[in-house]
Amino acid sequence: MSAEEKMINFTIGPVQGFIGQARRTRDLWSGSFLLSYLSGCAMAEIRRCDGRIKVPDVEGDQLLRWIESDGEGAPPRIGTLPNRFVASAEDPAGAARSAAEGVRSRWKKIADSVWKKYVEGVADQGKNTREIWERQVNNFWEIHWTIGAMEGMEARKNWRICTDWSDGRPTIEEGDHCTIMSDWQEISGYVRSIERKKQDDFWKKIRQETSGMDLRSDERLCAIALIKRMFPSVAEDAIGWEVSADRWPSTLYVAAIPWLSAVIESAERDYANDYAKKAFSYAEHIRREGVAEQIFGRKDLFLEIDANFYHTTSLKNPKSTPLKMTPEDGDEPEDVRRRREELIECLEELYNKKGKPSPFYAMLRMDGDNMGRLIRESGEAVSRALASFAKDVERVVQDNLGVLVYAGGDDVLAMLPVERAMSCAYRLSVSFAESFEAQGMEATISAGLVFASHRVPLRSVMREAHSILDDIAKDENGRGSMAVSVLKGSGRYCRWVSSWKGAVSPENEVVLERLAKNLSEKPDGIEASSSFFYKSRELLLMLSGEHRWSPGMFFDLSRLEGLDIKALLQAEYLNALEHSSEITADVRESASEYVRGLLSVSCRHRGPEHEGATGKEICADGMLLVKFLSQKGVQE
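The following refers to the structure shown. (Residues numbered from 1 in each chain as written. Predicted model: local features only at pLDDT ≥ 70, side-chain atom pairs only at ≥ 80, totals over all residues. Heavy atoms only, no water.)

1. Things to note about the packing of helix α10 (residues 269–282) against helix α13 (residues 334–354)
α13 packs onto α10 with a crossing angle of 160 degrees between their chain directions and a minimal axis gap of 11 Å. With respect to α13, the element α10 is oriented roughly antiparallel. Of the two possible hands of crossing, α10 and α13 adopt the one that is left-handed. In this structure, α10 contributes Y271, A272, Y275, K278, A279 and Y282 to the contact, and α13 contributes R339, E342, L343, C346, L347, E349, L350 and K353. (Axes fitted to C-alpha atoms, helices over the stretch in contact; angles between N-to-C directions. Helix = DSSP H or I, 4+ residues; strand = E, 2+ residues; numbered from the N terminus. Parallel < 35°, antiparallel > 145°, perpendicular 65-115°, else oblique. Left-handed = near helix turned anticlockwise from the far one by under 90°. Contact = heavy atoms within 4.5 Å.)

In structure tokens, the structure reads:
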């Protein structure tokens with residue numbers, strides 16, 4: 001860098017508080033896109049001040065080009081710019097101040113658009129609604145910048161936390177809180193316990209301004225959550241182009257992708273499309289145009305129904321799948337009940353032919369390891385590596401039937417079907433490493449992968465993905481690790497972690513997925529009882545001397561000299577087979593091989609900085625995860 005050129009370290013937050021607090025996938029996408037857009041506005045201001053973006057490499061970035069009114073072709077579909085960046089300018093302080101002002105003015109323009117379209121006409125029926133709105137809009141973002149060397153980047157993630165402590169602003173507001181972002185007051189201003197009718201009237205009028213299912217009857221939102229929810233409908237006025245938020249699949253749809261693919265590629269395609277025609281004639285607002293084209297690259301009526309209509313459990317609930325003439329209380333008249341029963345019967349017939357869709361999907365978060373150190377040591381070479389990685393991310397996610405929500409810098413956020421999620425994460429880790437190797441560097445990326453029932457609130461899934469990535473994969477197990485958690489409606493089922501090296505076979509297969517496939521397909525004709533997995537967990541618990549098991553628990557068995565844990569587990573395995581298979585020599589050999597594989601995913605595999613650590617740690621979560629994957633999440 002020249003003597004005149006000073007580095008600007010710029011960051012916008014809060015990230016998790018804005019993106020992670022979401023009820024729908026549309027909220028998740030909207031939060032991610034808006035944060036990326038605002039970061040792009042800051043970058044555009046710095047470039048307008050004759051500055052240069054050093055990290056990340058933004059040359060050719062589609063989102064930034066559209067912000068700078070230089071876009072060509074289709075507008076950007078996802079956010080591609082990170083919330084933190086490094087830039088240079090001859091007047092760095094002036095450029096940074098201009099960037100910060102650019103963020104505030106663009107955010108206010110978006111907020112004003114939502115206010116005018118949905119809130120302004122109702123505000124006088126609220127209680128200090130304008131005051132609440134302005135307080136939240138004007139004070140939400142935490143924008144920080146410093147001028148100095150690259151080293152400042154390493155401390156940037158701590159700035160937000162420090163300012164929360166020092167600026168004296170309350171972290172929880174008074175009054176009734178938002179049903180999505182629970183730290184913030186909902187904008188009607190009424191207290192439900194004493195002003196319920198006024199509060200309901202206010203939100204009923206807001207809902208009348210929105211279309212279809214934009215705002216549910218139980219949702220009462222703060223300004224920030226309402227802006228995220230309604231941003232797609234004001235985007236053309238607020239940012240200059242339309243966004244395709246309606247093309248985002250629900251979590252239930254993502255869970256059903258492999259089943260949908262199997263149905264539509266089979267002889268049952270016509271039957272499925274007839275079912276869809278019937279559903280469209282019996283219900284309103286259930287068509288999700290564009291979703292199928294984005295995922296499958298084709299159009300079929302069956303692929304465009306609201307995903308609740310793929311599940312009989314949802315079809316049996318009138319509030320989840322209202323038909324024409326279904327009253328709000330769900331007590332349907334006889335003719336509507338008959339139509340519902342007809343749909344259920346059709347769907348069950350399809351289940352008999354093609355099985356059931358899974359109610360589980362996967363949420364994948366990935367983040368580069370030690371990026372601050374790499375940036376300090378290698379500077380713009382890191383930008384080139386990240387730009388190369390970013391070009392590969394969407395292809396890898398699409399190859400695994402997933403949906404990319406965000407890819408910018410070293411961060412990835414994607415939704416995937418259960419069957420392909422671990423392989424997708426591994427392929428992305430390989431792509432990340434190869435992108436850095438091409439620039440002469442070694443680098444790793446870690447992953448937090450959550451398999452979640454659609455019944456689990458989206459914000460809980462995002463919180464879990466964030467927690468297992470940072471606390472379990474990176475901090476506890478070491479860089480280059482993948483942590484996996486299964487969240488059922490009843491709570492966390494298991495939590496597993498391993499280095500990438502420990503998770504794959506010499507043939508680059510994800511070992512857990514191979515074991516699960518063997519268990520579900522039974523190529524050797526052997527059917528292991530589910531009881532084996534739970535008995536193995538109890539066996540490990542007994543040997544460890546612990547009294548209670550919890551997900552993610554590792555047992556240290558190094559004090560048990562001479563213990564042959566493989567022989568014990570193999571005996572349990574054979575015992576579980578006794579009722580279904582004759583125990584021949586071939587069966588014993590097959591069992592030995594299978595238990596060896598289970599042990600490999602049950603032993604602790606730490607990241608490279610922990611290699612050489614002593615101990616004989618083993619967990620039961622690897623085996624439980626194999627069992628879950630073998631059932632493809634179909635059973636809750």
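2. A closer look at helix α8 (residues 223–239)
Taking 1.5 Å of rise per residue, the 17 residues of α8 would be expected to cover 24 Å, yet its terminal C-alpha atoms sit only 18 Å apart, more than 12% below that figure. Along α8, the helix axis deviates most sharply at S233, where the bend reaches about 75 degrees. Burial runs high along α8: 14 of the 17 residues are buried. Note on α8: the residue one or two positions beyond its end, G240, has a positive phi of about 105 degrees. (Expected span 1.5 Å × (residues − 1). Bend = angle between axes of the 7 residues up to and from the residue. Buried < 20%, exposed > 50% of the residue type's maximum accessible area, 1.4 Å probe, protein only.)

3. Points about the sheet that holds strand β2 (residues 52–55)
In spatial order, the strands read β2-β3-β1-β4; together these four strands make up an open sheet with antiparallel pairing. Looking at strand neighbours, the two that pair on one side only are β2 and β4 (142–148), the edges of this open sheet. Adjacent strand axes in the sheet meet at a mean angle of 30 degrees when their direction is disregarded. Contacting β1 (6–13), β2 and β3 (84–89), helix α2 (residues 25–48) runs over the sheet at an angle of about 5 degrees to β3. Against the sheet, helix α4 (residues 92–119) engages β1, β3 and β4, with an angle of about 170 degrees to β4. (Pairing = 2+ DSSP bridges.)

4. Remarks on the pattern of salt bridges
Scanning the entire structure with this criterion turns up 44 salt bridges. Look at the salt bridges and you will find they share partners, linking R23, D27, R216, D218, E219 and R229 into a network. (Salt bridge = Lys/Arg side-chain N within 4 Å of Asp/Glu carboxyl O.)

5. Some details on the nonpolar core
Of all hydrophobic cores here, the largest spans 219 residues; its most connected members are W133, Y253, F302 and F451. If we ignore the near neighbours within four places in the chain, the residues touching W133 are A111, V114, W115, V119, I187, A223, L226 and I227. (Core = buried A, V, L, I, M, F, W, Y, C linked by side-chain atoms within 4.5 Å.)

6. Here's the deal with the sheet that holds strand β6 (residues 403–408)
Ordered in space as β6-β7-β5-β8-β9-β10, the six strands form an open sheet in which the pairing is mixed. Since the sheet does not close on itself, it has two edges, and those belong to β6 and β10 (491–499), each with one partner. Put simply, the sheet's adjacent strands are angled 15 degrees from each other on average, direction ignored. Bridging between strand β5 (residues 360–368) and strand β8 (residues 445–453) involves nine bridges; their strand directions are antiparallel. Opposite M366, over in β8, you have A447 as the bridge partner. Running at roughly 60 degrees to strand β7 (residues 411–417), helix α9 (residues 251–264) makes contact with β5 and β7 of the sheet.

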